[in-house]
Amino acid sequence: MENWAIIALISAGVSGLISIFDKTVLYRYVTNSHTLPVLIALIQMTFGTLTILIISSFESIHVEYYFWPFIAGALFGLQGHLFLKVTFSNEVTRTVPISQIYPIFTAFFALLFLDENILLYQGVGILLIVIGAILIAMDFSGDFWKIKIIDKAFSLLIIGSLLYSAANITSKLAVEDASIIQVHAVRMFALGFVFFLLNFRRDSYLDVKNMIQSKSKGFLFVFTNEVFLVNTHFYLALLALSLGPVSLVTAILSVRSLFLLFFTLLVSILFNWSIGESVSPKIILIKALSTTVIVAGLVLLII
């Protein structure tokens, strides 16, 4: 396996753990979907600013090269905003796999803008990803199977997938001009900036204020997640993008669904820690089979 593929797989594993931390905060420590993005914004804008100031002491800073990194970060911010909005009121093991169909769009964008070709078996892999995403969004209760669109969440997740694909394409363009650490820092600042613009309002302010007054443990989850896990995931993903083809790297990143399923079962069953996820044998089987179909599609994309 190529180095970029290994790096992307590690990044996917870290991102699966990130989703568990996010859902824990959304389910246990905040009262609305805007509070967590505000906390993320404050941390990532600070991280991005400090990182740029530090690296400016030993690297040349070319502001003109920051256009694509900022656009990429803003797109990640828009996607993250939609994802957290949906995750706040839906099961993370359903929302994440649906949002992971972005390899379909990335492959198209890569062909259009980067001249990356798609082979027949890779097209089959993309089809399997779509099928897996549909299966994992189905409600198998009652006397017949019916598609559970999760209200309007399905369309929001599809839009988010488009944004995520565009963010990876622009990230690939960004690392052609600036260093990886500079691109990473600018992306994280832009992500935080968009989060703040879209989510800072009275209810999120009051929620953060109450968390401070009650010395909520949610701060520890958010800080650990954003400073260490999120930055590790985004940096490794960017490193993989700089080394390999964007269409295949992003396909591997969507293996996040499999890691997420594993971490959810670990948290819910072994530790008896509820984060609002259904863990009945039937639900687990459905999610496992659906995620397996998605992963099978990914395998065809990278062989």
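Structure first, text after, so check above.
Definitions and limits used
Residues numbered from 1 in each chain as written. Predicted model: local features only at pLDDT ≥ 70, side-chain atom pairs only at ≥ 80, totals over all residues. Heavy atoms only, no water. Phe/Tyr/Trp six-rings, centres within 6.5 Å; stacked < 30°, edge-to-face > 60°. Helix = DSSP H or I, 4+ residues; strand = E, 2+ residues; numbered from the N terminus. Axes fitted to C-alpha atoms, helices over the stretch in contact; angles between N-to-C directions. Parallel < 35°, antiparallel > 145°, perpendicular 65-115°, else oblique. Left-handed = near helix turned anticlockwise from the far one by under 90°. Contact = heavy atoms within 4.5 Å. Nonpolar A, V, L, I, M, F, W, Y, C, P; charged D, E, K, R; others polar. 1 Å grid on protein atoms, 1.4 Å probe; cavity = no way out; pocket = protein on both sides within 12 Å on 5 of 7 lines; lining within 4 Å. Points joined across faces, edges and corners; volume = space filled by probe spheres on them.

**Examining the packing of aromatic side chains**
- One pass over the structure, following the stated rule, counts 12 aromatic pairs.
- Centre to centre, the rings of tyrosine 29 and phenylalanine 221 are 5.6 Å apart; their planes meet at 35 degrees, and the pair counts as tilted. One end of the pair, tyrosine 29, is in the loop between helix 1 (3-28) and helix 2 (35-55); the other, phenylalanine 221, is in helix 10 (residues 218-243), with 192 residues separating them in the sequence.
- Aromatic pair phenylalanine 76 and phenylalanine 234: ring centres 5.1 Å apart, planes at 80 degrees, arrangement edge-to-face.

**Quick notes on the packing of helix 12 (residues 256-270) against helix 13 (residues 281-302)**
- Remark: helix 12 packs on helix 13, axes separated minimally by 9 Å, with the N-to-C direction vectors making an angle of 155 degrees. When the axes of helix 12 and helix 13 are compared, the pair comes out roughly antiparallel. In this structure, helix 12 meets helix 13 at a crossing whose hand is left-handed. Residues Ser257, Leu258, Leu261, Leu265 and Ile269 of helix 12 touch helix 13, and the partners they reach there are Ile284, Lys287, Ala288, Thr291 and Val295.
- The class makeup of the residues in the contact of helix 12 with helix 13 is seven nonpolar, two polar and one charged.

**Quick notes on empty space enclosed by the protein**
- As enumerated under the stated definition, the model contains five cavities of 30 Å³ or more in all.
- Looking at the largest cavity, its volume works out to about 290 Å³.
- Forming the walls of the largest cavity are 17 residues, and the residues nearest its centre are Asp22, Gln79, Gly80, Phe234 and Arg256.
- Where the lining of the largest cavity is concerned, the elements lending two or more residues are helix 1, helix 3 (67-87), helix 8 (180-199) and helix 10.
- Examining the composition of the lining of the largest cavity, we find that five residues originate from one element, helix 3, more than from any other.

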